[in-house]
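Coordinate analysis (summary)
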Amino acid sequence: MIGELVERWHRGWTAAEGLTSEHRDGYLVVHVNRPHRVYEWIATDDAQTAAMARVVAASREPNWLSVPTHAPARVIAEIEAAGLVVARPDETFMRRALAGHPAPEPPPGYAVEVTGGPVIGVRVLADGEVAASGLMAVVGEDAVAHRIETAQAHRRRGLGSVVMGALTGEAVAGGARTGLLFASADGVHLYRKLGWEKISGLVVARNAVEP
């Protein structure tokens, strides 16, 4: 089941970023096309980790590998044995039924700007400046949250919850029922507070090729 959810998440992520993807020898590969990350390989089954890690380690351009897993310690050992560098060992793959998602109002002095469409954009503004923002791509009945960010000067004011509430409200109006996201170690606390649940851990690694 985790493989199906990863595939669904990846369709939303690539839509949000405007990326393309393919399957190479059965492995899911996204063409990120950035200097520090040309391709991102995404495991749909953590039993693939060792084999995928060897392929990524042998590639000549800067490539990354993301592995959703219930066994992060084993995955990290296999990744390091292949010669990859673990960049983020403790991220989280999460989901939530979007109906009834909290949608708090912005605090005084802040305004919310929403851009609709298959890729929804939300900005929380303070005196015309962006204090927080985020994207959510709707693909069928799935909505994938991406780039949920709050500016340093505006943190601890609940703006992340405001962004997520506005995004999910628009996504539900567009037919989405299930939310999916990859959460950083810092962001997971926000999502848990909003009722998101852990699907699995997530280990992200890169090869040693410099940009």
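Our subject is the structure listed above.
Position numbers for residues count from 1 along each chain, tracking the sequence in the order it is written. Where local features are concerned, this predicted model is filtered to residues with pLDDT of at least 70; where side-chain atom pairs are given and counted, the filter is 80 or more; whole-chain, interface and lining totals use all residues. Side-chain metrics rest on all non-hydrogen atoms present in the structure, leaving aside hydrogens and water.

Considerations on the packing of aromatic side chains
Note on ring pairs: Phe, Tyr and Trp rings are taken, using the six-membered ring of Trp, and paired if centres are within 6.5 Å. Classes follow the plane angle, with under 30 degrees stacked, over 60 edge-to-face and the rest tilted. Scanning all chains against the criterion turns up 5 aromatic pairs. Where tryptophan 9 meets tryptophan 13, the ring centres are 5.2 Å apart and the plane angle is 15°; that geometry is what we call stacked. With tryptophan 9 and tryptophan 13 both in helix α1 (residues 2-17) and 4 residues apart, this pair spans about one turn of that helix. In this structure, tryptophan 9 and tryptophan 13 share a single accessibility class: buried. Aromatic rings pair up to connect Trp9, Trp13, Phe93 and Phe182 into one cluster. Sitting above the plane of the tyrosine 39 ring, arginine 24 keeps its charged end 4.2 Å from the centroid. Two conditions define a charge sitting above a ring: the NZ of Lys or the CZ of Arg must be within 6 Å of the ring centre, and it must be within 35 degrees of the ring normal. For arginine 37, the ring lying beneath its charged end belongs to tryptophan 64, and the centroid distance is 5.1 Å. Helical segments are the DSSP runs of H or I of at least four residues, strand segments are the runs of E of at least two, and each set is numbered from the N terminus. Partly exposed describes any residue whose relative accessible area lies between the buried limit of under 20% and the exposed limit of over 50%, with all areas from a 1.4 Å probe on protein chains only and scaled to the type maximum.

Here we look at the environment of proline 72
Structurally, the position occupied by proline 72 is in helix α3 (residues 72-81). Judged by relative accessible area, which is 32%, proline 72 ranks as partly exposed. In this structure the C-alpha to C-alpha distance between proline 72 and histidine 101, which are 29 residues apart in sequence, comes to 29 Å.

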